[in-house]
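Letter by letter, the chains look like this.
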Amino acid sequence: MAKIRNFVLRDKDGKETGVFTGNQPRQAALKAANRSDGTKAKPVELRLRERGSKKIHIYKGWKETVPAPKNKPKWMPAEINKPNVKKAGIEKLTKI
């Protein structure tokens, strides 16, 4: 079983807000993108630092509203948000 990792959302100034968990950084980035205001035309930059490390994973993220699947449960709305991310790179910090 894969180890769950914690990633902290970080802005360009170094202020850290929000913790997202996942087995991989992309999984945490998808969760962060689903809460963002980014669109496909204007994606937001998501900077995720893994707790206990100095590595920052940088993603461009956005969400789209798409129709729900045909076999959806009754409680699910007709349209849902689908997050998307694209890896932009990795940075290494000298200090946290």
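Refer to the preceding data block for the structure.
Figured I'd write up the structure that's included with this text. (Residues numbered from 1 in each chain as written. Predicted model: local features only at pLDDT ≥ 70, side-chain atom pairs only at ≥ 80, totals over all residues. Heavy atoms only, no water.)

## With respect to the overall build of the chain
A count of helical and extended segments in the chain gives one helix and five strands. When the helices and strands of the chain are listed from N to C terminus, the series reads β-β-α-β-β-β. Across its three principal directions, the C-alpha atoms of the chain cover 50 × 35 × 20 Å. Counting every position in the chain, which comprises 96 residues, the buried fraction comes to 29%. In the chain, the share of contacts with a sequence separation of at least 24, taken over all contacts with a separation of at least 6, comes to 45%. For the chain, the exposed surface amounts to about 6800 Å²; the carbon and sulfur share of it is 51%. For the chain, the separation between the mean place of its 25 positive charges and that of its 9 negative charges on side chains is 6 Å. (Helix = DSSP H or I, 4+ residues; strand = E, 2+ residues; numbered from the N terminus. Buried < 20%, exposed > 50% of the residue type's maximum accessible area, 1.4 Å probe, protein only. Contact = heavy atoms within 4.5 Å. Areas by Shrake-Rupley, 256 points an atom, 1.4 Å probe, with all protein chains shown as cover. Lys, Arg positive; Asp, Glu negative; His and termini not counted. Charge placed at Lys NZ, Arg CZ, Asp CG, Glu CD.)

## Quick look at the nonpolar core
Counting residues in each nonpolar core, the largest one holds ten residues, listed as Phe-7, Phe-20, Ala-28, Ala-29, Ala-32, Ala-33, Leu-46, Leu-48, Tyr-59 and Val-85. Those elements giving two or more residues to this core turn out to be helix 1 (25-34) and strand 3 (44-50). Among the elements that take part in this core, helix 1 stands out by supplying four residues, more than any other. Each residue touching Phe-7, except ones within four places of it in the same chain, is listed here: Gly-18, Val-19, Phe-20, Gly-22, Gln-24, Pro-25, Ala-28, Leu-48, Arg-49, Glu-50 and His-57. (Core = buried A, V, L, I, M, F, W, Y, C linked by side-chain atoms within 4.5 Å.)

## Digging into the sheet that holds strand 4 (residues 55-67)
Taken in spatial order, the five strands line up as 2-1-3-4-5 in an open sheet, and their pairing is antiparallel. With partners counted over all chains shown, the strands left at the sheet margins are strand 2 (16-22) and strand 5 (79-92), one partner each. Each adjacent strand pair in this sheet contributes to an overall mean axis angle of 35 degrees, direction not counted. Direction of pairing for strand 3 relative to strand 4: antiparallel, over a ladder of six bridges. Residue Val-44 lies in a different strand from strand 4, and its bridge partner there is Gly-61. Packed on one face of the sheet, helix 1 meets strand 1 (5-10), strand 2, strand 3, strand 4 and strand 5 and runs near 130 degrees to strand 5. (Pairing = 2+ DSSP bridges. Axes fitted to C-alpha atoms, helices over the stretch in contact; angles between N-to-C directions.)

## As for the pattern of salt bridges
Scanning the model with the defined rule gives seven salt bridges in all. A salt bridge links Glu-50 to Arg-5; the shortest N-O distance between them is 2.9 Å. Pair noted here: Glu-50 is in strand 3 and Arg-5 is in strand 1, with a separation of 45 residues, a long-range link. Overall, the relative accessible area of 19% leaves Glu-50 in the buried class. Ionic pairing is found between Glu-91 and Arg-47, a salt bridge with its closest N-O pair at 2.7 Å. Placement of Glu-91 in strand 5 and of Arg-47 in strand 3 is noted, with a sequence separation of 44 residues between them. (Salt bridge = Lys/Arg side-chain N within 4 Å of Asp/Glu carboxyl O.)

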